[in-house]
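Structural description and commentary
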Amino acid sequence: MKVNDFVFTYGGRYDPRRKSMCRVRVFVSKDAKISCVLTDLGCKNPGQSITNSIEDAISALVQQGFVPENAHFIEHYDREYFSGGDFDLVKLDGTGHPTWSRTSLNKVCILTNADEGEFTRHSLRQKHIYDSLEKKRHELSPYIDEPYSESFDVINKREDLVLKQVPVGKLSELIENGSSEQEIQKLIKSDLTLIGDYFSTLKEEYICFSEFPINDGFVDFVVFTGRSRMEVTLIEIKGANYNLVNANSYRDFSAKTNQAVQQIRSRFGYITRNYEEFRSYTHKVRKKVESGTQIYNSLIGPQGALQVDPNKDIVLHAVVIGGRSKDDYEESKLRHEFEQSMSPSIRVESWDSWLKKSDRK
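An account of the accompanying structure is given in this report. The numbers attached to residues start from 1 for each chain and follow its sequence in the written order. Only residues with pLDDT of at least 70 get local features here, since the model is predicted, and only at 80 or more are side-chain atom pairs given and counted; chain-wide, interface and lining totals rely on the full set of residues. Values reported for side chains reflect all heavy atoms of the structure, with hydrogen atoms and water molecules removed beforehand.

What follows concerns the overall build of the protein. Only DSSP runs of H or I with at least four residues qualify as helices, and only runs of E with at least two residues qualify as strands; both kinds are numbered from the N terminus onward. Counting its secondary structure elements, the protein contains 12 helices and 12 strands. For every residue, the accessible area obtained with a 1.4 Å probe (protein chains only) is divided by the maximum for its type, and the residue is called buried under 20%, exposed over 50%, and partly exposed between those limits. With 361 residues in all, the protein has 47% of them scored as buried. Throughout, a residue-residue contact means that at least one pair of heavy atoms, one from each residue, lies within 4.5 Å. Pairs at least 24 residues apart make up 63% of the contacts formed inside the protein by residues separated by at least 6 positions. For the area figures, the Shrake-Rupley method with a 1.4 Å probe applies, and any residue is considered shielded solely by the protein chains shown. When the accessible area of the protein is evaluated, it comes to approximately 19,000 Å², of which 49% is carbon and sulfur surface.

Encoded structure:
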């Protein structure tokens, strides 16, 4: 028989200010034994999961007199099906360290003297639990569900970049009109967010460059991005005024595409032969841009400085974008064959495939 059912708030041992919540149900069996089911509240729990704080929850329940120390404690995770979810019997040793042993819905029903229906309905779908949880969450903080507040620097930087962005559809228009390499390059140089948004591994965390010098030449565009290990993408572009593939073999990519591939391959070769020098160089350039110096037409994303470690290896990527594609599927197969044949691997894309994947067109 169930004798209590409520949302319980408790603090952690190491940081009592950090509150967690779980649903607590107390049952008394026919032989007067007490069982306590502690149900995790998922994303509605502002603190640690019940698994990561089970000893704190049990200790608080005992200290506050809700259950005796010798009660049966059951950890429970709701599921949206009739198995009732996942159940584990929990025991604390003499030092308060928990151990878990998996059990079943049927055994829990026997132990608690409750019907299966008690556990087959999700806790957050029960009005008395949901309403109580929302009230307790509000008591912790009236701003608990408020979205993360960004700094004014990030907001202002984003607004500045949006105001300077080229009109939506401008790049698509150039490509559809079969524009030359020079025309497309000019547009991208005027708004480097076009490549920053496309190649950044983390939203709005990037630094873009045009005509980035490497050895005795330069790469059309370069993007720095990533966390911990910085990722450096070298990008060569060609126009949209030719077909990417001339025949049915990866060896028959157009002369213009092959020219760009050889250009970027030679830069890659220099980097691999002088890796440590290049790695150090990219981080020096990154720090200059992050300190406010513009170099190589640099543009830093709204999030500002990259969260990367200058002592770690960098990750290198190479991409060639150019030409048009008549058949996306065939082009994809040919590009895969080509990329697998290259060492180092160089990614090749038509403007058609690039547009299909871009949020900015």
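Attention now goes to the sheet that holds strand β10 (residues 299-300). If you walk across this open sheet you meet the 6 strands as β10-β7-β8-β9-β11-β12, and the pairing is mixed. The open sheet terminates on both sides in strands that have one partner only, identified here as β10 and β12 (347-349). We treat two strands as partners when DSSP finds at least two bridges between them.

Moving on: the nonpolar core. We define a nonpolar core as any set of buried Ala, Val, Leu, Ile, Met, Phe, Trp, Tyr and Cys residues linked to one another through side-chain atoms lying within 4.5 Å. Membership of the largest hydrophobic core comes to 29 residues, with the highest contact counts inside it found for Phe209, Phe212, Ile214, Val222, Phe224, Val232 and Leu234. Listed by contribution, the elements that provide at least two residues to this core are β7 (206-214), β8 (217-225), β9 (231-237), α9 (255-273), α10 (275-290) and β11 (315-321). At 6 residues, α9 tops the list of elements feeding residues into this core. Within the second largest apolar cluster, 26 residues are counted, among which are Leu161, Ile188, Ile195 and Trp351.

The next thing to look at is the environment of Gly239. Assignment of secondary structure puts Gly239 in the loop between β9 and α9. Taking relative accessible area as the criterion, Gly239 reaches 2% and is therefore assigned buried. Sequence-wise, Gly239 and Gln185 are 54 residues apart; in three dimensions their C-alpha atoms are separated by 8.5 Å. Apart from the residues lying within four places of it in its own chain, the contact partners of Gly239 are Ser179, Ser180, Glu181, Ile184, Gly322, Gly323 and Trp351.

Before going further, it helps to examine the sheet that holds strand β3 (residues 34-40). Judged by pairing direction, the sheet is mixed, and its 6 strands sit side by side in the order β1-β2-β3-β4-β5-β6 without closing on themselves. In the strand order of this sheet, the two ends are held by β1 (2-11) and β6 (98-103), each with one partner. Neighbour to neighbour, the strand axes of the sheet diverge by 30 degrees on average, direction disregarded. As defined by bridge partners, β3 adjoins strand β4 (residues 72-77) across 5 bridges and the pair is classed as parallel. The residue bridging Ser35 from the neighbouring strand is His72, located in β4. Lines are fitted to the C-alpha atoms to define the axes, a helix being fitted only along its stretch in contact, and any angle between axes, read from their N-to-C directions, falls within 0 to 180 degrees. Against the sheet, helix α1 (residues 50-63) makes contact with β1, β2 (19-28), β3, β4, β5 (86-92) and β6, and its axis sits at roughly 110 degrees relative to β1, the strand it touches most. Its contacts with the sheet place helix α2 (residues 105-112) against β2, β3, β4, β5 and β6, and it is angled at close to 140 degrees to β4.

Turning next to unusual backbone geometry. Within the chain, Ala32 stands out as a residue other than glycine whose phi angle is a positive 70 degrees. Along the chain, Ala32 falls in the loop between β2 and β3. When its relative accessible area of 57% is taken as the criterion, Ala32 is described as exposed. At Asn113, a residue that is not glycine, the phi angle is positive and equals roughly 60 degrees. Looking at the element boundaries, Asn113 is found in the loop between α2 and α3 (117-120). Since its relative accessible area comes to 35%, Asn113 is described here as partly exposed.

Across 6 bridges, β5 lies against β6 in antiparallel orientation. In the strand pairing of β6, Val90 is matched with Trp100. Connecting β5 to the antiparallel partner β6 that follows it, the hairpin turn spans 5 residues, and Gly96 within it adopts a positive phi of roughly 85 degrees.

With that settled, the discussion passes to the packing of aromatic side chains. Two aromatic rings, drawn from Phe, Tyr or Trp (for Trp, its six-membered ring), form a pair once their centres lie within 6.5 Å of each other, and the interplanar angle then sorts them: stacked below 30 degrees, edge-to-face above 60, tilted otherwise. Considering all chains together, one arrives at 16 aromatic pairs under this definition. A ring pair is formed by Tyr198 and Phe199, whose centres lie 4.8 Å apart and whose planes are at 75 degrees; its orientation type is edge-to-face. Of the two residues, Tyr198 and Phe199, neither departs from the other in class, the shared state being buried. Connected via pairs of aromatic rings, a cluster forms that spans Phe209, Phe212, Phe224, Phe278, Tyr281 and Tyr296.

Summarising the element assignment, Ile129 is placed in helix α4 (residues 127-140). Put simply, Ile129 and Arg23 are 106 residues apart on the chain and 7.7 Å apart in space, counted from C-alpha to C-alpha. When residues no more than four places from it in sequence are discounted, the contact partners of Ile129 are Asp5, Val7, Arg23 and Ser123.

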